[in-house]
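Summary of the model geometry
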Amino acid sequence: MPEINRSLEHVGIGFAAFLAPPGPEVIRFTVGQPDFDTPTPVVEAVKAALDRGETAYTRTQGSVELCDAVAEHLTIHNIKVDPEDVVVTPGCKQAVLYAMMATLDVGDEVLVLSPAWPSYDGMLKLINAVPVHVPVNRKNYHPDFNALEAAVTPKTKAIMLNSPNNPTGAVYTPEEVARIVQFAIKHDLWIIDDMIYATLVWTDYPYTSPAALPGGAERTLTVGGWSKGWAMTGWRLGWIAGPKKVMDGVKKINVSAATHVATFMMPAATVALGLNEETSMMAASFKERRNLIHELLTDLPGIVVPRPEGAFYAFCDISGTGMDDIEFATRALEEAKVQLIPGSLIEGGAGFIRISYATSPENIREGVRRLSDWLNSM
Ligand SMILES: Cc1ncc(COP(=O)(O)O)c(C=O)c1O
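We now turn to the structure provided with this report. Keep in mind the model is a prediction, meaning the values are calculated, not measured.

1. What about a nonpolar patch on the surface?
Residues I4, L8 and L126 make up a contiguous nonpolar surface patch of roughly 270 Å² in combined accessible area. When you line up the elements, L126 lands in helix 4 (residues 119-126).

Below, the structure is given as structure tokens:
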């Protein structure tokens, strides 16, 4: 048999090992998706589009209405893009990959504030670019600017941003984002801004886009999508927007790779962006659960957890328990019947566990009670 692509040897499988569905007796704090159904108007819109027979090839970057709706939606975050420079992708994940493909050459280095969503690492390795992991401040998971400066080399080409963050739940302040833009200008870097959790923010300052700040728009690729804020993970819909020069490249990649997302989903995705009541209700519910889980977790012995600022993850320092994170997660599953993600599955996450609180308040109470009984019985 011929050899396969050698880059694949270095591509990990992220959290997969600890995401396997357990038995019904286990409380799952692992799944990073909303526990809501997709809002009804969106489902109705896709059915209507199918009934209208919208099943043929269409405009590759996304329908005019949908690209207009994405550009309009981004103005909420003070991001101004020409709808011509918007491409709708099969999930935000594909948008991130397109952003990397359109900006990076083989061997280019990308600063990744770590711990980070593990797929960035896999994607960069797939295209033979080099992730350079720069640890965030371990106390609050915000950027460490000295560490960022120290990580720059002549090969550094981009910085990856993700705020609100998976796995840490951190939301970077407007001042921090402004410093990142200045840093990117100083070193002439692209900024790939993964704003998939932008509508799930629990701080008194909002998600801040680097594209909305002076000097930021011309070097920022904004990627996001419907999965988290609209409860549409399985629809596989995302967007990418940015300066014309690079978006022309993204369009070429999209035409070569995906052509376009399903035609009949485009009107539904447009409807989704017009919703407010449904999305606000989901966000408010996650905020309440954030309050609940944080209050409960702070009573656990040996565990330190800053108040999650956004998304639906609590990132806990478990080093005070005397266990490493793999032992903690393995034993929590076996002994307490709670499934968690151990941080060392990703670069920079050793000594931490990730808890997704996108589960019912009953599950949150019961899961933390089990962890408490287990830890206190040691
Ligand atoms: C930070 C981050 N970006 C992107 C994605 C992927 O989004 P999508 O499902 O739209 O591809 C995820 C999903 O977990 C994520 O956590």
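2. Notes on helix 4
Across the 8 residues of helix 4, 6 count as buried, placing the element largely inside the fold. Those residues of helix 4 that fall on the buried side of the exposure criterion are S119, Y120, D121, G122, M123 and L124. Tucked into the core, helix 4 has its buried residues touching helix 3 (91-103), strand 3 (109-114), strand 4 (130-135), strand 5 (156-161) and strand 6 (190-194).

3. What to know about the packing of helix 3 against helix 7 (residues 244-257)
Viewed as axis vectors pointing N to C, helix 3 and helix 7 meet at an angle of 120 degrees, and their least axial separation amounts to 9 Å. It follows from the interaxial angle that helix 3 and helix 7 lie oblique. Of the two possible hands of crossing, helix 3 and helix 7 adopt the one that is right-handed. Within the contact between the two elements, helix 3 uses Q94, Y98, M101, A102 and T103 and helix 7 uses V246, V250, I253, N254 and A257. Among the residues forming the contact of helix 3 with helix 7, the class breakdown is 7 nonpolar, 3 polar and no charged.

4. Some details on the environment of D51
Along the polypeptide, D51 turns up in helix 1 (residues 40-51). D51 gets classed as exposed once you look at its relative accessible area, which sits at 69%. In this structure, the C-alpha to C-alpha distance between D51 and F264, residues 213 residues apart in sequence, is 9.3 Å.

5. Brief notes about the pairing of strand 5
Among the 6 residues of strand 5, 5 are classified as buried, and the element is accordingly described as predominantly covered. In terms of strand pairing, strand 3 meets strand 5 through 4 bridges, oriented parallel. By the bridge assignment for strand 5, V112 is matched with M160. For strand 5 and strand 6, the ladder comprises 4 bridges, and the chain directions are parallel. Residue pairing across strands places L161 opposite D193, the latter belonging to strand 6.

6. Regarding the nonpolar core
Membership of the largest hydrophobic core comes to 64 residues, with the highest contact counts inside it found for M100 and I240. It is helix 3 that provides the largest number of residues to this core, a total of 7 residues. For this core, the domains that each give at least three residues are domain 1 (6-38 + 277-376) and domain 2 (40-273). Those residues in contact with I240 that sit more than four places away from it in its chain are D85, V86, V87, T89, A95, Y98, A99, L221, T222, V223, M247 and V250. If you look at the next biggest cluster of nonpolar residues, it comprises 35 residues, including V46, V88, V171 and W239.

Conventions and cut-offs
Residues numbered from 1 in each chain as written. Predicted model: local features only at pLDDT ≥ 70, side-chain atom pairs only at ≥ 80, totals over all residues. Heavy atoms only, no water. Patch = residues over 30% accessible without salt bridge, like charges linked within 9 Å, V, L, I, M, F, W, Y side chains within 5 Å. Areas by Shrake-Rupley, 256 points an atom, 1.4 Å probe, with all protein chains shown as cover. Salt bridge = Lys/Arg side-chain N within 4 Å of Asp/Glu carboxyl O. Helix = DSSP H or I, 4+ residues; strand = E, 2+ residues; numbered from the N terminus. Buried < 20%, exposed > 50% of the residue type's maximum accessible area, 1.4 Å probe, protein only. Contact = heavy atoms within 4.5 Å. Axes fitted to C-alpha atoms, helices over the stretch in contact; angles between N-to-C directions. Parallel < 35°, antiparallel > 145°, perpendicular 65-115°, else oblique. Left-handed = near helix turned anticlockwise from the far one by under 90°. Nonpolar A, V, L, I, M, F, W, Y, C, P; charged D, E, K, R; others polar. Pairing = 2+ DSSP bridges. Core = buried A, V, L, I, M, F, W, Y, C linked by side-chain atoms within 4.5 Å. Domains from an automatic or database assignment.

Purely spatial values, then, with no claim about function.
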